[in-house]
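The chain contents come next:
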Amino acid sequence: MTIKILDNDTINQIAAGEVVERPASVVKELVENALDAGAAQISVEITGGGINLIRVTDNGGGIPAAEVELAFQRHATSKITNPKDLHNIHSLGFRGEALPSIAAVADVEVLTCGAGSAGTYIRLESGVVIQKQTQARAQGTTITVSGLFRRVPARLKFLKSMPTENSHVANAVSQYALAFPEVSFTLTVEGKQTLHTAGKGKLLESILDVYGAEIAARMLPVARREDRWKSGQGASSIEVAGMAGAPEVGRAGRGYLSFFVNRRWVTNRVLSYAVEEAYTGLMMTGRHPVAVLDITVPPEEVDVNIHPAKSEVKFRNEPEVFRAVQKAVRQALVSQMPVPQIDEPSAAYAAPPSHRQQMWNPPRAEEHALTGAKTAPPGTAPLGTPQPLLASLPVLRVIGQVMNCYIVAEGPDGLYIIDQHAAHERIRYDRVIRERAQRSVKVQGLLEPATFELTPRQAAIMNSCLKDLAEFGFTLEPFGEKTFLVRAVPVTSAGDNWAGMLRELLDALSGEARSRWEEKMVASIACHGAIKSGQALSDDEMRALVRQLEETPDPHTCPHGRPTIIRLDRSHLERGFGRG
Ligand code: ADP
Ligand code: MG
């Protein structure tokens, strides 16, 4: 093929591929533009996961009539003028790429009005202006994006389910609501308002709106400034401000860390690591902190031009920023925290199931032999090791509990040691699956319906899995923006902290394909109410547990594939005592 320069439409689509990955990327760019325009109110509206429609309305400075079309030219920006400016960026946008990229992959309408100028309406299809007229509007801008990726079917295929895209949009808006407490944000999904912040400038209020009262009540203020003086460069500082959750509000995932560098929402591994480090020794393993931190550094010390979506940054002096963040958070925790109480003994079980599954390696040959797992290849059992366990368990006589973790029992062919948590998880797992398949889920109605508050991101997922949860025995209905009314819960979860379980489940579902939701639900319900390691059991409780385990069709492994039971038979004991 001969070499030729690509036409504009192709160039724009290639560039759009980098900037516009999914509906949430469009929302992010439009919200950033509204913030750069000095808006005090920003409202975001989406339907169909953002594919059908995204509308962002702001009351910022607006675009002068004469410049509206220009804004859609590639590399047209009002924010920088020369290469030197790239090293001293004070706005969120600077490349002049977002609007042309969006227009290349969707239909766009703009209604805008700058100070002292007439309002303007333009409509673009395939990046080409097909309609332009004067139209009245108060100062500000409304941009409507419809049919996203309709002309790029390959992109559409990569999108996840609608609830997943909704949750990404909710997350993007939530992050900027946290970064700009002085701006009032509204998010409306399918006609329902799911987030509203007052814009009164109080971070704690934004945290309350985004994460709910339970988290907001346990946030500690962070404020620390490192002053530096470098010869020849004068004085400068790194400032870390925001809030960090008390250690007991640890979450199962890392999705609760928000970083803003000079108020730009970024993801950065060094920053996450610095915060996690600050909680060392204060938080259970497997838990992750909640934090909202704004890091202010001199603009020339941070490169924001390293990522197509500007969502990553590079610090000139990374170790220094790491130390500043770690110290600031640690200081907040240590100076304001009440005496830490880590009373949940089951730290090892704190990681979410999918994570644990990855950590679990297939049993080694000798474990196969001990547990008699059905997968043990023939001939791998070392000489003299016990016979495999029978598929179903023999009747066992419970002897007692050791380390508050294991039940010791005697069977016809040796000594059995049962992992109480793993065994109970297996029992519950089978029960949940069986009851649901037979449509015989036992539910317990609550005396008073309980209200149950979620983050916008969780609420988006919740709205789309109400029916699935109902099949597992959770009777829930929407009750306001992000609140749900709980009328009944499955008996299996009734005595348990089902609210915490549901929140963790919703967090876990947001990154998952819909086809895996059911599996995740079963695993969460089974795991959460299960007897924990470290829990003392009465003789009756142990006997009941062993009886139930005997009745499960597959008693030897927990749902994650780890053994529930190991056996030491006579020959094993005899060898141990030098009799064999
Ligand atoms: P960038 O933000 O990098 O400058 P964009 O393509 O996002 O590039 O926007 C191009 C220009 O359009 C901006 O520089 C700005 O002047 C103008 N603009 C875009 N959105 C808005 C808005 N909501 N309010 C005012 N001006 C806007
Ligand atoms: Mg922009």
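Residues numbered from 1 in each chain as written. Chains lettered and ligands numbered in written order. Predicted model: local features only at pLDDT ≥ 70, side-chain atom pairs only at ≥ 80, totals over all residues. Heavy atoms only, no water.

> Could you clarify how one ought to interpret the overall build of the protein in this entry?
Scanning the protein for helices and strands turns up 18 helices and 22 strands. Buried positions account for 50% of the 580 residues belonging to the protein. Surface accessibility of the protein: about 27400 Å² in total, with carbon and sulfur atoms responsible for 53%. (Helix = DSSP H or I, 4+ residues; strand = E, 2+ residues; numbered from the N terminus. Buried < 20%, exposed > 50% of the residue type's maximum accessible area, 1.4 Å probe, protein only. Areas by Shrake-Rupley, 256 points an atom, 1.4 Å probe, with all protein chains shown as cover.)

> Which parts of the structure should I look at to understand the site of ligand 1?
In the vicinity of ligand 1, 19 residues are found, and the nearest of them are Asn33, Thr77, Ser78, Lys79 and Gly96. A distance of 2.5 Å is found between an oxygen atom of ligand 1 and a side-chain nitrogen or oxygen belonging to threonine 77. One of the backbone N or O atoms of alanine 98 is found 3.3 Å from an oxygen atom in ligand 1. The fraction of the free accessible surface of ligand 1 (530 Å²) that becomes covered by protein chains is 92%. Of all the cavities here, the one that holds ligand 1 is the second largest pocket. When residues in the shell around ligand 1 are grouped by element, the largest group, three residues, is from helix α3 (residues 98–105). (Near = heavy atom within 4 Å. Polar contact = N/O pair within 3.5 Å; in protein donor to acceptor, adjacent residues only side chain to side chain. 1 Å grid on protein atoms, 1.4 Å probe; cavity = no way out; pocket = protein on both sides within 12 Å on 5 of 7 lines; lining within 4 Å. Sits in = over half its atoms within 2 Å of the grid points.)

> For this particular structure, what's the right way to read helix α16 (residues 517–528)?
Within an α-helix, residues lying three or four positions from one another point in the same direction, as the helix has 3.6 residues per turn. For α16, spanning twelve residues, the distance from its first C-alpha to its last is 16 Å, which sits close to the expected 16 Å at 1.5 Å a residue. Burial analysis of α16 places nine of its twelve residues in the buried class, which makes it a mostly covered element. Listing the buried residues of α16 in full gives Trp517, Lys520, Met521, Val522, Ala523, Ser524, Ile525, Ala526 and Cys527. (Expected span 1.5 Å × (residues − 1).)

> I would appreciate a short explanation of the pattern of salt bridges in the present structure.
Between side chains of opposite charge, pairing is possible as soon as their charged atoms come close. Counted according to the given criterion, the structure contains 31 salt bridges. Across the pair arginine 547 and glutamate 550 runs a salt bridge whose closest N-O atoms are separated by 3.3 Å. With arginine 547 and glutamate 550 both in helix α17 (residues 539–551) and three residues apart, the pair spans about one turn of that helix. By relative accessible area, glutamate 550 is classed as buried at 16%. One network of salt bridges, with partners in common, ties together Lys28, Glu29, Glu32 and Lys310. (Salt bridge = Lys/Arg side-chain N within 4 Å of Asp/Glu carboxyl O.)

> Looking at this structure, I do not really get the layout of surface pockets. What am I missing?
To locate leftover empty space, one rolls a probe as large as a water molecule over the atoms. Size it by volume and the second largest pocket reaches roughly 700 Å³. Lining the second largest pocket are 32 residues; nearest its centre among them are Asn33, Ile63, Ser78, Lys79 and Leu99. The set of elements that each furnish at least two residues to the lining of the second largest pocket consists of α2 (23–36), β2 (53–58), α3 and β6 (140–146). Broken down by element, the residue count for the lining of the second largest pocket peaks at six residues, all from α2. By residue class, the composition of the lining of the second largest pocket is 16 nonpolar, seven polar and nine charged. (Points joined across faces, edges and corners; volume = space filled by probe spheres on them. Nonpolar A, V, L, I, M, F, W, Y, C, P; charged D, E, K, R; others polar.)

> Explanation requested: a nonpolar patch on the surface in the structure shown.
Together, Ile5, Leu6, Ile11 and Ile14 make up an exposed nonpolar region whose accessible area comes to about 410 Å². Overall, the relative accessible area of 45% leaves leucine 6 in the partly exposed class. (Patch = residues over 30% accessible without salt bridge, like charges linked within 9 Å, V, L, I, M, F, W, Y side chains within 5 Å.)

> Explain unusual backbone geometry to me, please; I cannot follow it from the model alone.
Excluding glycine, residues mostly have negative phi values, and the peptide bonds linking residues are mostly trans. One non-glycine residue, arginine 263, lies in the positive phi region at around 75 degrees. Summarising the element assignment, arginine 263 is placed in the loop between β11 (257–261) and β12 (264–266). The backbone of methionine 403 sits at a positive phi, close to 55 degrees, despite the residue not being glycine. In this fold, methionine 403 is placed in the loop between β16 (397–402) and β17 (406–411). Judged by relative accessible area, methionine 403 falls into the exposed class, the value being 67%.

> Is there a simple way to think about the sheet that holds β17 in this case?
Note on sheets: strands pair through backbone hydrogen bonds, and any given pair is parallel or antiparallel. Across the sheet, four strands lie side by side as β16-β17-β18-β22; this open sheet has antiparallel pairing. The sheet is open, and its two edges are formed by β16 and β22 (565–568), each paired on a single side. Here the strands of the sheet are splayed against their neighbours by 25 degrees on average, with no regard to which way each runs. As defined by bridge partners, β17 adjoins strand β18 (residues 414–419) across six bridges and the pair is classed as antiparallel. Residue tyrosine 406 lies in a different strand from β18, and its bridge partner there is aspartate 419. Relative to β16, α17 is tilted by about 120 degrees, and along the sheet it contacts β16, β17 and β18. (Pairing = 2+ DSSP bridges. Axes fitted to C-alpha atoms, helices over the stretch in contact; angles between N-to-C directions. Contact = heavy atoms within 4.5 Å.)

> Even after reading the chapter, I still don't get the nonpolar core, so can you show me in this structure?
Across soluble globular proteins, you tend to see nonpolar side chains buried next to one another. Counting 66 residues, the largest nonpolar core has Ile42, Phe185 and Ile207 as the members making the most contacts within it. In terms of residues, this core owes the most to one element, helix α5 (residues 162–179), which gives eight residues. If we ignore the near neighbours within four places in the chain, the residues touching isoleucine 207 are Leu178, Gly212, Ile215, Ala216, Met219, Met243 and Val292. With 36 residues, the next largest nonpolar core counts Ala244, Ala291, Ile295 and Val304 among its residues. (Core = buried A, V, L, I, M, F, W, Y, C linked by side-chain atoms within 4.5 Å.)

> Whenever I open this one, the sheet that holds strand β8 (residues 192–196) confuses me. Can you help?
Spatially, the eight strands line up as an open sheet ordered β5-β4-β3-β6-β2-β1-β7-β8, and their pairing is mixed. Two strands lie at the open edges of the sheet, namely β5 (128–134) and β8, each paired on one side alone. Across this sheet, the average inter-strand angle for adjacent strands is 10 degrees, counted without regard to direction.

> What is the right way to read the packing of helix α15 (residues 498–509) against α16 from this model?
For any two helices packed against each other, the geometry is given by the interaxial angle and the distance between the axes. Where α15 contacts α16, the axes come no closer than 10 Å and their chain directions differ by 150 degrees. Between α15 and α16, the angle is such that the two are roughly antiparallel. Remark: the crossing between α15 and α16 carries right-handed chirality. On α16, the residues touching Met501, Glu504, Leu505, Ala508 and Leu509 of α15 are Trp517, Lys520, Met521, Ser524, Ile525 and His528. Partitioned by chemical class, the residues of the contact of α15 with α16 number seven nonpolar, two polar and two charged. (Parallel < 35°, antiparallel > 145°, perpendicular 65-115°, else oblique. Left-handed = near helix turned anticlockwise from the far one by under 90°.)

> I would appreciate a short explanation of the confidence of the model for the protein in the present structure.
Regions with low pLDDT carry predicted coordinates that are not meant to be interpreted in detail. Looking at the protein as a whole, the pLDDT averages 84, with 89% of positions reaching at least 70. Under a pLDDT of 50 for its full length, residues 338–390 has, in the predicted model, 73 contacts with residues more than four places off or in other chains. (pLDDT = per-residue confidence, 0-100.)

> Honestly, the packing of aromatic side chains in this entry has me stumped. Any pointers?
Here a ring pair, both rings aromatic, is described through the centre-centre distance and the interplanar angle of the planes. Taken as a whole and judged by the stated rule, the model has five aromatic pairs. Centroid distance tyrosine 176 to phenylalanine 180: 6.2 Å. Interplanar angle 40 degrees. Geometry classified as tilted. The class for tyrosine 176 is buried, based on a relative accessible area of 0%. Judged by centre distance (5.7 Å) and plane angle (40 degrees), the rings of tyrosine 273 and phenylalanine 322 are tilted. Note that tyrosine 273 is positioned in helix α8 (residues 269–278) and phenylalanine 322 in helix α9 (residues 318–336), a separation of 49 residues in sequence. (Phe/Tyr/Trp six-rings, centres within 6.5 Å; stacked < 30°, edge-to-face > 60°.)

> Would you mind showing me how to read the packing of α2 against α3 here?
As a packed pair, α2 and α3 sit with axes 10 Å apart at the nearest point and diverge in direction by 145 degrees. The hand of the α2/α3 crossing is left-handed. Counted together, Val26, Glu29, Leu30 and Asn33 of α2 and Ala98, Leu99 and Ile102 of α3 form the full contact between these two elements.

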